[in-house]
Each structure stands twice: as structure tokens, then as C-alpha cells.
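Residues per chain, in single letters:
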Amino acid sequence: MKDPRKFNLQCPIPKTEYAHILMAHGGGGRMTCHLIQELFIAGLGNEILDMGHDGAFLPPMDGEVAFTTDSFVVDPLFFPGGNIGDLAINGTVNDLLCCGALPLYISLGLILEEGFLIEELWIIVQSIGRAAEAAGVKIVTGDTKVVEKGKGDKIYINTSGIGTIHPGLNINPKHCSKGDVVIINGDIGDHGIAIMSARQGLEADIPVISDTQSLTDMMMSLFRNQTGIHVLRDPTRGGLASALNEICDSSGTGIRLHEKNLPINDGVRGACELMGFDPLYIANEGKILVILPESEAEEALSIMRSFKAGKGSRIIGQVTSDPKGILCLETTIGTTRIVDMISGEQLPRIC
Amino acid sequence: MCLAIPGQIISIDDSNPEMKMAKVRFGEAIREICIQWLNDVSIGDYIMAHVGTALSKVDEEDAKFTLDALREMGESDYL
Amino acid sequence: MKYIDEYRNKVLVDNLVYGIRKEVSRKWTIMEICGGQTHSILKYNLLQILPAEITLIHGPGCPVCVTPVNRIDQAIVLGGLSNVMLTSFGDMLRVPGSTSDLLSVKALGGDVRFVYSPLEVLDLAEKNPEKEVVFFAVGFETTAPAVAMTVKQARNRKLKNFSVLVSHVLVPPAIEALLDSEESRIDGFLAAGHVCTVMGTSEYIPIAKKHKVPIVVTGFEPLDILIGIYEVVKMLEKGRYGVKNAYTRSVRDEGNQAAQELLREVFETTQSEWRGIGFIPASGLKLSGEYMEFDALNRFQLDVPSTVSIGACIAGKILTGQQKPADCSEFRVRCTPEKPLGAPMVSTEGACAAYYRYHRTTVSTL
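Calculation notes
- Residues numbered from 1 in each chain as written.
- Chains lettered and ligands numbered in written order.
- Predicted model: local features only at pLDDT ≥ 70, side-chain atom pairs only at ≥ 80, totals over all residues.
- Helix = DSSP H or I, 4+ residues; strand = E, 2+ residues; numbered from the N terminus.
- Buried ≥ 20, exposed ≤ 12 C-beta atoms within 10 Å, placed from the backbone.
- Contact = placed C-beta atoms within 7 Å.
- Rg over C-alpha atoms; globule rule 2.2 N^0.38 Å.
- pLDDT = per-residue confidence, 0-100.
- Pairing = 2+ DSSP bridges.
- Axes fitted to C-alpha atoms, helices over the stretch in contact; angles between N-to-C directions.
- Core = buried A, V, L, I, M, F, W, Y, C linked by C-beta atoms within 7 Å.
- Nonpolar A, V, L, I, M, F, W, Y, C, P; charged D, E, K, R; others polar.
- Domains from an automatic or database assignment.
- Parallel < 35°, antiparallel > 145°, perpendicular 65-115°, else oblique.
- Left-handed = near helix turned anticlockwise from the far one by under 90°.

Another point: the overall build of chain B. Secondary structure summary: chain B contains 1 helix and 5 strands in total. Seen in sequence order, chain B has helices and strands lined up from the N terminus as β-β-β-β-β-α. Seen through its principal axes, chain B has C-alpha atoms that stretch 50 × 25 × 25 Å. Across the 79 residues that make up chain B, the buried fraction comes to 48%. Counted over contacts in chain B with a minimum sequence separation of 6, partners at least 24 positions apart contribute 26%.

Here we come to the overall build of chain A. A count of helices and strands for chain A gives 8 helices and 14 strands. Computed over the C-alpha atoms, the radius of gyration of chain A is 21 Å, within 12% of the 20 Å expected from 2.2 N^0.38 for a compact globule of 351 residues. By principal-axis analysis of the C-alpha atoms, chain A measures approximately 65 × 55 × 30 Å. The proportion of buried residues among the 351 residues of chain A is 52%. For chain A, restricting intrachain contacts to residue pairs at least 6 apart in sequence, the fraction spanning at least 24 positions comes to 87%.

Averaged over all residues, the pLDDT of chain B equals 90, while 91% of them reach at least 70. If you check the scores for this complex, the pTM reads 0.90 and the ipTM reads 0.92.

Here the focus is the pairing of strand β7 (residues 188-192) of chain C. Look at any regular strand and the pattern is simple: side chains alternate between the two faces of the sheet. All names here are of chain C. With respect to burial, β7 is a largely interior element, 5 of its 5 residues being buried. With 3 bridges joining them, strand β1 (residues 28-34) and β7 adopt parallel strand pairing. Looking at the pairing, E32 lines up with L190 of β7.

Looking now at the sheet that holds strand β1 (residues 65-72) of chain A. All names here are of chain A. Strand order in the open sheet formed by 4 strands is β1-β6-β4-β5, with mixed pairing between adjacent strands. The sheet is open, and its two borders are formed by β1 and β5 (138-147), each paired with just one other strand. Put simply, the sheet's adjacent strands are angled 15° from each other on average, direction ignored. With 11 bridges joining them, strand β4 (residues 101-113) and strand β6 (residues 155-165) adopt antiparallel strand pairing. Along β6, the bridge assignment pairs I111 with Y156.

The biggest cluster of nonpolar side chains holds 258 residues, and the ones touching the most others in it are I128 and A271 of chain A, A54 of chain B together with V164, A191 and L226 of chain C. Excluding its chain neighbours within four sequence positions, the residues that come into contact with L226 of chain C are V13, L16, V17, I20 and L46 of chain C.

Right, let's talk about the interface of chain B and chain A for a bit. The partner chain A presents 16 residues to the 11 residues of chain B that form the contact. Tallying contributions element by element places strand β3 (residues 29-34) of chain B first for the side of chain B that touches chain A, with 3 residues. Of the residues assigned to the side of chain B that touches chain A, the class counts are 8 nonpolar, 1 polar and 2 charged.

The subject of this paragraph is the interface of chain B and chain C. Taken together, the contact pairs 31 residues of chain B with 42 residues of chain C. Secondary-structure elements contributing two or more residues to the side of chain B that touches chain C are β1 (5-13), β4 (46-50), β5 (53-57) and α1 (60-73) of chain B. The dominant element in the side of chain B that touches chain C, judged by the number of residues it contributes, is α1 of chain B, at 6 residues. Class assignment for the residues of the side of chain B that touches chain C results in 20 nonpolar, 7 polar and 4 charged.

All names here are of chain A. Taken in spatial order, the 7 strands of this open sheet run β9-β11-β7-β12-β10-β13-β14, and their pairing is mixed. Of all the strands in the sheet, the pair left with one neighbour each is β9 (231-233) and β14 (336-338). Between one strand axis and the next, the sheet turns by 25° as a mean value, whatever way the strands run. Across 3 bridges, the pairing between β9 and strand β11 (residues 289-293) is antiparallel. Paired with R233 across the bridge in β11 is L289.

Turning to the domain arrangement of chain A, a few remarks are in order. Residues and elements named next belong to chain A. By the assigned domains, chain A splits into domain 1 (4-165) and domain 2 (173-338). Using only C-alpha atoms to locate each centre, domain 1 and domain 2 end up separated by 28 Å. With 22 residues of domain 1 in contact, the opposing surface of domain 2 contributes 24 residues. Only α2 (84-98), β4 and α3 (118-135) provide two or more residues apiece to the side of domain 1 that touches domain 2. The residue inventory of the side of domain 1 that touches domain 2, partitioned by class, reads 13 nonpolar, 7 polar and 2 charged.

This next bit is on the environment of L102 of chain C. All names here are of chain C. By the secondary structure assignment, L102 is in helix α5 (residues 102-107). Judged by C-beta crowding, with 26 C-beta atoms within 10 Å, L102 ranks as buried. Separated by 22 residues in sequence, L102 and L124 have C-alpha atoms that sit 19 Å apart.

Next up on the list: unusual backbone geometry. The omega torsion across D75 of chain A and P76 of chain A is 5°, close enough to zero to call that bond cis. Tracing the sequence through the fold places P76 of chain A in the loop between β1 and β2 (78-79). Of note, the amide linkage connecting D322 of chain A to P323 of chain A takes the cis form, showing an omega dihedral of 0°. Structurally, the position occupied by P323 of chain A is in the loop between β12 (314-320) and β13 (327-330). You will see that N45 of chain C, though not glycine, has its phi angle at about 45°, which is positive. Mapping N45 of chain C onto the fold places it in the loop between α2 (35-43) and β2 (54-61).

The next point concerns the pairing of strand β2 (residues 21-26) of chain B. Residue and element names in this part refer to chain B. With 5 bridges joining them, β1 and β2 adopt antiparallel strand pairing. Its bridge partner lying in β2, D13 is registered against M21. Note that β2 and β3 share 6 bridges and pair antiparallel. When the sheet's bridge partners are listed, K23 is paired in β3 with E32. Two successive antiparallel strands, β2 and β3, enclose a turn made up of 2 residues, where G27 displays a positive phi of approximately 65°.

Residue and element names in this part refer to chain A. Mapping V65 onto the fold places it in strand β1. C-beta crowding within 10 Å serves as the criterion here: with 14 such atoms nearby, V65 is assigned to the partly exposed category. Not counting residues up to four positions away in its chain, the partners in contact with V65 are I162 and T164.

This part takes up the packing of helix α1 (residues 10-23) of chain C against helix α11 (residues 222-237) of chain C. Residue and element names in this part refer to chain C. Contact geometry for α1 and α11: axes closest at 10 Å, N-to-C directions at 15°. Between α1 and α11, the crossing angle belongs to the class labelled roughly parallel. As α1 packs across α11, the resulting crossing turns out to be left-handed. Residue-level inspection shows L12, V13, L16, V17, G19, I20 and E23 of α1 in contact with α11, the latter providing P222, L223, L226, I227, I229, Y230, V233, K234 and E237.

See below:
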């Protein structure tokens, strides 16, 4: 399989004396400064980060502030469609969007394992920079620590994000109401299957690639035109099923999905049938669930479909009042079953 | 025991006489499957794959016959 | 996907349900043997569209569920050894042994890995010569040939660091044991289509004859299961018994002879314990002849006590079709997929886990 690290066009790696991360890179001394300057400032710099303070001085913000945090550990670090750097920015940006906020500022915390290749770190930092630019956010503060070899898994990343809530929006799962529709912006299961394929050596004519992307442009356009949105959620780990179950739990309403409307591409489909996976439980990294009144659905779909990130947008279900608090699926054969929360990870099965 | 699914052979590698292999397509996913126990298979055939081995060749004519009969079933009796 | 989607078609399903309703005139109890069939019945909620006269009972065809506790304990001990790489199918990783499971062993630093195919283990053994690579071989006759191929290749390649912890079991002896039981209330069977793809249908003829039951070889998609039920009901309504193959696109009456030959070469039958049921003679496989050197029980000194019974778990009664998961006092109370008391709750196609996931009894209408 093609090396996913070579998917990225890259600037040549800045000149460093060492090929690998050493304990001294986290020691706070000259080597730390050099690493920060040559890699992080070079790859991510902006007027706030360049000030070089311990913390970031942010300008006053308009309106209510949303704040979120997320940590990223993924194996493999490089996968078809991106790397851990992409996930670290897109994940936090999308979480802010799910609050109904315009994403603005990101903090970046890294824990590096001694021995990690600096060349790989540079590729990840560049991806972080590109993802931040695409999302319209600035990395304004950060931190780097180094742990001894064997005490980390190459790199762990934490990002926290701040944004301002769009006026007029009041996103809350408790607002989920009978008659609302559930919209998703495209194919499900891509990210989880991309990771699984990389781990298990599954090939494909058209490889499944991670859908990691930030949804800023599409969602800001939706916010500007639609203030009747009730719920937003990004179906990451645990997939659609987990996200929608959580919403049912919070709101007390039921949700009914239609299996024939679920967008699943052939690559994900084939891998799921082979391994015995249910696509409803597979992670997504560039998808968002939008729950809003049915009367607003047509306009919402039209807006979403005008963006690349929303080309595949469609209605996949409705909010119901009965059975309360339960997620159901109408199957392709016309029967209905419950879609429960998953326990732990899906593992490939023989039965 | 249970999870065997149909896939289409896209290439065959018989370099190991004791472990004949094929690349098999399932939807868009492709997996290497051992076809050692199937006598008469070619590229384009469908096989039933379980844990990396092909257990049988799908009888496509039979499948068509059954499905056609079921389509006609509705108001009339199935054979 | 071809030869899958057609068997999930609503129109064809409706046609078959109509056909079943026309045939059925009284109550019948039918057992689907295979856990994959149970999974499909519940995933597509076939119970919602079948006539009330038909009761489906979930049989012991879950090789993960019926793996004896002490075999899992043996795998756990092996996984914990510092020089061992324990490889397994994904299904087995969460199944509880007497005090632990393989995922916990992994969490504590054991080298436990799951594979899709046993053939992958050959490469793992070659690439890790410093480790003893053990494969935990679970499964019915469908899976045993793949393991036999792996062991034969290991012998051909002269692999010194590869062995197998064998826990294969055979379906026909289990069916016989069920039918011999006085408490059996099963009128007809849906036989496991993929087991029969390997073994053919002839083993079931004497069973059907002796106990005067219809046994219909059935596939796994919702349409396949309805076809199987339809054929069983037709035979029952006419007072007929015997074996019928309703999965002809995959199953030949003679099965896969080359796979059967390989099984005979590498394995021999032996008595085997079935978790929740007990010992059934000639119902398991063990490595034979020149392949015995690959038996992990011959390579390692494993001091594991014999099976302990697990408190409140009624796995035996569920696996023999006498009770349903909802009949168990611990179902959803102390026994959940997160904290299973027995294997039918852990394995995704175990009857209890499947019921828990797909079919809550408290929901009256959907």
C-alpha cells in the first residue's frame, strides 16, 4: 500500500541537528527553543503565537464563548486521507461548530516519545498548519513534553478550542422535538474503515480514505441562514449509533432511522461485510448530524449541498415521541429494530 | 462458522501448489483468499469466503432460479 | 453487493412471509442452529413479521459461546507469558474465562493480537522468531479447514515457533445430544449453511431419520432464513421429515471434499466439552499424527483447573433452547454486554447479546 506519509506535499524539513526527538527537546533549554522555533513557529506562526508568551493574549470577542477540548491518539499516525495532525485540528473545530460557534483559537499540546522521527513530526506540524488555515482558526498557544522511550506511543496531541456562538442559535439536545428530521452531510464509516484497512492490510481498487475535514464554511453558511437548528453532533468514535443514542438519552425523544437512506460507499460496505462490522458504529471525522424542524430541511439541504463537505447531504431519519429515548432503525426489509449503544470496540468476527 | 460472504475473483496466484491464492473483491474491498479447495474456478467467478479461505463456488444459475421463483411467488405457490 | 443485496429485498421477503402464513396451521417450534442465523433474525427483526404460530429457539451454534471456560483460561495463561504472542479471532477477546479475559491480558501488557484469518499467523511467526506464536483456534467445521491449512503450511515451512490451542467443535453430535435430551421441544431445525458448505448434508440424514425431524440447510441473509423456515413448515405441515438443502447457491450435497480431506489429514475427533452443556462424545477435534507437535497443550505446561460453573448463568438452558434470555433473572440486571456473566452475552451473536442489542422486551410496539 502507498505510504500515506507521502500523500502530503511538504516543504523540506527545517535543518535540525538530530533526526529523532531526544529527552532534551522537552527540557526547556536551547533544544526546546530550537524545536519550537524551527518546527512549530515556522509551521504554524501567527501574530499571537509569535509573541512567544506563556499564554495567548486574545482580542475581545463578540458574544457568548464556546470552549472545548479533545485529545488524539491514533494508530497508525498516518492513514489514507490524513494523519493525527489533521484529526487534532478538525476534531476540535467540528466540536466548536457543534456548539453553534464560529471556531477562532486553538491551543496545541504535544507529548512526544523519545526517539520519534523529527521528519514525521514535521509532516504532522505542516498538516496541523494546513488544517488550521482551512478551518479559519489560529494556533495561539502550545506546549511540548517529551517522555522516555516506551512510555508513550510516538505522539499524543491535545487541542482545546475557543469560538463565539452564532447569534440566534440555541443548540441543545433537549430541544430535539417530535417531527424534526435528522440530516447527515455524507457517507458514513469512512474514517474507521480507513484506519482498519491500514491496520489489517485490506486493499481496495478505490481505497477508503478518512473523511477528516473541518466543516467551518458549510456550517457558518447554515448558521447564517438557519437559526432553527435544534441539535448538532459529530458522530466520531462509536459512530452514528452512539451519537444518536446520546441525543435520545438527553432529550427523551426517540429517533427512527431509515436503513435504505443511510449513505455508505462501496468500499466501506465491502469491508464491513467482510469483517462483520455494522457501519452505524464506525467512526467518522468529517461528518455532522443536523437535527432541525422538517419545514427547514429543504433549505438546509440546499445550503449544505452547495459545499464540497456537504455534497452527499441527505435526510436519514426522524425524531419521534414513541418509543421514548430509543433509537430505532427501519430495515431494508421493512421491519424495525432497536439500535443500541455499543459496548467497547467492534472487533472482526468469524460468526 | 457463520460469517462467509460472496466475493468475485479478480486474479489468481497459483505459485504455491499447496496454497493457491486469489484476489477477491467484496464490494470495493479486496482481500487475498485461499482457493486451494475449489477445483474449477476462474477470474470472474463468485466464491464464498470465510476467514481467508474459499469454501465453495457460488452457483449463480441456481441463485437466479431461486430469486426468479420468489419474485413470482406473491399470489402463487413457491416450488 | 451481489448475492447479498438480493437476499435483503423487501418484496421477496414479503412474498415469502405470505407463503409461510399460507402454509402454517398450528404452532411449531423451530431451532436455528447457527449464531450467525440468530444474529440475522434479530438484526432484521424477523420475529416482527413471522406468524405467531412459529417460535424460534436459538441453538448452540455459537462456537465462541460454547468454548469451555478452562480452554479460555488456558489461552489467558498463554497470553500472559512474556515469550508468547497469542493470536485469536476478534470474537474471542472479550469472552470471560473464570476470572479474566484476553482483552484484560492485553491491557496488562500481554502480546495478544486479533487476526481475520489464521493464515496471517504464519507470517507473524516467521517475522517474530524470538516469540512463540500461538493461535487460539475456535470455530466449527467451517473454520477448521482454514486452521488445518495453516498447520500444514507451518509443517511445510518448518516453523518451530508456531502452535495451536485447538477448540474446534462439530455440529451434528450437538444436534443429536439436544434431540436425545428429554426436555427437547424442537419440531424442526435450520441447519448451519456454512458448516454444510464444507461438510455437505449427509451427516444430518441419519439424525433426521432417527428423530423424525425436518432439517433444512439454511443460509444467513434474512431471505435465506425465511426460505429455511418456509421449507421446515411445509415439511412439518405434511408430517414429513428428512434433510432438505435450501442454500443451494453455496451448499453441495457432498460438501467440499478437498476441505474434508484436509480435515481428516490434520485432525481427529475427540470428546469435547461445550460450555453450558457439558461433555459430548466425538464432538471436537484435536491435532493428530505428525501434526501433534503443533498442539499448544503439548508445547506448554499449562496448569489450569478444570471448568468451574459460572453462578447464575443459564447458558446451558438457552443454548439447548429450553429458555430464552428474557427468562434469566440476571438478564439486563447483573448480566450485560459490559459485565457478562456468561459467553452468550459477550459474543455478538450469542443469544443474550443479540437480544440485548436488538430486541428489548420492554418495547411493545416499534
